[in-house]
Amino acid sequence: MVPPRGLATNARAMEKGKRLVRVFVSRARMDRELAQDFLDRLEGNFSPKLPFCLEIWIDQSLEGGEDFDEAIQREIDRCDLGLLLVSPRFCKSDYLLQWELPRFTEHQPDRPAKPHVPIALQRFDIETQLPEALARVQILLGKEPSRYFQDCQTEKDKHDFVHRIYLALVKKIQKICSLATEVQGAVEEEAVGGKGGAKSGLRGNPLPVDQRVIWPKGTPNAVPGRGIPANLADLD
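Owing to the predicted nature of the structure, the values given are computational and were not obtained by experimental measurement.

Could you clarify how one ought to interpret the side chain of Lys158 in this entry?
Residue position: Lys158 is located in helix 6 (residues 155–191). Not counting residues within four places of it along the chain, the set of residues in contact with Lys158 comprises Asp37, Arg41, Phe149 and Cys152.

Structure, rendered in structure tokens:
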């Protein structure tokens with residue numbers, strides 16, 4: 001896996017014969033340390049045996065002089081998957097609620113919502129703190145008593161929490177790659193003589209993942225949950 005600083009390139013993924021999957025991390029700035037602890041532990045779970053290579057982007061990856069808003073929207077456009085690290089600060093951040101969360105939860109005619117995985121970083125109240133946009137999906141939790149990452153008291157608790165999130169993410173990323181491959185195969189078949197019989201010029205220039213993947217019902221971000229957090233065991 002690529003360190004969470006947005007440094008991976010298509011060339012690096014191709015060199016390893018793997019698919020590059022770009023992940024955008026959305027989290028409150030005040031949760032920086034807790035979020036980085038979670039991401040560092042998550043990184044340690046990904047095996048070189050997996051058929052994909054991750055590029056994780058978080059706003060601390062910004063370079064000096066970059067326009068913040070422009071960079072955020074650019075990286076959301078580029079990403080294949082969003083990790084939403086939910087906490088009370090996340091839930092009340094005007095910036096996140098106005099400029100980041102809608103890109104993952106609201107479908108627009110010219111801009112489909114991005115696949116996303118909400119993760120319970122810190123304890124929050126469902127009724128009074130959770131945004132309406134997240135009340136329609138299930139949020140990934142660990143096992144009792146460490147249902148939220150911040151609740152994990154021991155190294156074992158943290159390892160178990162992160163490993164369960166890792167297993168759910170691998171399934172979701174594999175589904176992204178599988179659906180993208182299937183659709184690209186159909187695009188290429190049509191391009192070389194399918195409907196219409198004329199080449200369309202799309203071979204070797206696949207559409208971005210978010211433009212060709214319709215996320216199936218039953219996956220973590222598509223399960224109607226009314227904001228009730230889901231135990232990962234229920235998603236197996």
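Back to the write-up after that little detour.
Would you mind going over the pattern of salt bridges with me for this structure?
Close approach of charged atoms allows side chains with opposite charge to pair. Considering all chains together, one arrives at 14 salt bridges under this definition. In this structure, Arg74 and Glu75 form a salt bridge, with 3.0 Å as the shortest nitrogen-oxygen distance. On the basis of relative accessible area, Arg74 is assigned to the partly exposed category, the value being 34%. Classification of Glu75 by relative accessible area gives buried; the value is 6%. When the shortest N-O distance is used, the salt bridge between Arg147 and Glu144 registers 3.5 Å. The exposure class assigned to Arg147 is partly exposed, which follows from its relative accessible area of 23%. Of the residues examined, Glu144 reaches a relative accessible area of 57% and is grouped as exposed. A network of salt bridges, in which partner residues are shared, links Arg22, Glu55, Arg74, Glu75 and Arg78.

Sorry if this is basic, but what is going on with the pairing of strand 1 (residues 19–26) here?
For a regular strand, the rule is simple: side chains alternate between the two faces of the sheet. Where burial is concerned, most of strand 1 is hidden: seven out of the eight residues are buried. In terms of strand pairing, strand 1 meets strand 2 (residues 52–57) through six bridges, oriented parallel. Bridge pairing in strand 2 links Val23 to Ile56. Once the chain exits strand 1 it traverses helix 2 (residues 32–43) before rejoining the sheet at strand 2, and the crossover so formed is right-handed. Examined bridge by bridge, strand 1 and strand 3 (residues 81–86) share four bridges and lie parallel to one another. Bridging across to strand 3, Val25 finds its partner in Leu83.

How should I be thinking about the confidence of the model for the chain in this particular structure?
For any part of a model where pLDDT is low, the fine detail of the predicted coordinates should not be relied upon. For the chain, mean pLDDT is 77; residues scoring 70 or higher make up 67% of the total. Confidence, expressed as mean pLDDT per element, reaches its minimum in the chain at helix 7 (residues 209–212) with 36 and its maximum at strand 3 with 97. The model gives residues 195–236 a pLDDT under 50, and that stretch makes 87 contacts with residues more than four places away or in other chains.

Would you mind showing me how to read the packing of helix 3 (residues 68–78) against helix 5 (residues 94–105) here?
Helix-helix packing is characterised by the crossing angle of the two axes and by the distance between the axes. Between helix 3 and helix 5, whose axes approach to 10 Å, the crossing angle comes to 20°. Looking at the two axes, helix 3 sits roughly parallel to helix 5. Where helix 3 crosses over helix 5, the handedness of that crossing is right-handed. Here Phe68, Asp69, Ile72, Gln73, Ile76 and Asp77 of helix 3 come into contact with helix 5, specifically with Tyr95, Trp99, Glu100, Arg103 and Phe104. When grouped by side-chain class, the residues that make up the contact of helix 3 with helix 5 number six nonpolar, one polar and four charged.

Just checking my understanding: could you explain the nonpolar core for this structure?
Phe38, Phe46 and Leu83 are the most contacted members of the largest nonpolar core, which has 32 residues in total. At the level of elements, strand 1, helix 2, strand 2, strand 3, strand 4 (116–120) and helix 6 are the ones that each hand at least two residues to this core. Counting residues per element, this core draws most heavily on helix 6, at ten residues. Discounting chain neighbours no more than four positions away, the residues touching Leu83 are Val23, Phe24, Val25, Ser26, Leu39, Leu42, Val117, Ile119 and Leu169. Core analysis: the next-biggest nonpolar cluster, separate from the first, contains 22 residues, Cys91, Phe104, Leu130 and Leu134 among them.

Is there a simple way to think about the environment of Leu169 in this case?
Assignment of secondary structure puts Leu169 in helix 6. In this structure Leu169 comes out as buried when scored by relative accessible area, which is 3%. As a C-alpha pair, Leu169 and Leu42 span 127 residues in sequence and 10.0 Å in three-dimensional space. Not counting the four nearest positions on each side in its chain, Leu169 is found in contact with Leu42, Leu81, Leu83 and Val117.

Calculation criteria
- Residues numbered from 1 in each chain as written.
- Predicted model: local features only at pLDDT ≥ 70, side-chain atom pairs only at ≥ 80, totals over all residues.
- Heavy atoms only, no water.
- Helix = DSSP H or I, 4+ residues; strand = E, 2+ residues; numbered from the N terminus.
- Contact = heavy atoms within 4.5 Å.
- Salt bridge = Lys/Arg side-chain N within 4 Å of Asp/Glu carboxyl O.
- Buried < 20%, exposed > 50% of the residue type's maximum accessible area, 1.4 Å probe, protein only.
- Pairing = 2+ DSSP bridges.
- Right-handed = clockwise from strand over helix to strand, strands pointing away.
- pLDDT = per-residue confidence, 0-100.
- Axes fitted to C-alpha atoms, helices over the stretch in contact; angles between N-to-C directions.
- Parallel < 35°, antiparallel > 145°, perpendicular 65-115°, else oblique.
- Left-handed = near helix turned anticlockwise from the far one by under 90°.
- Nonpolar A, V, L, I, M, F, W, Y, C, P; charged D, E, K, R; others polar.
- Core = buried A, V, L, I, M, F, W, Y, C linked by side-chain atoms within 4.5 Å.

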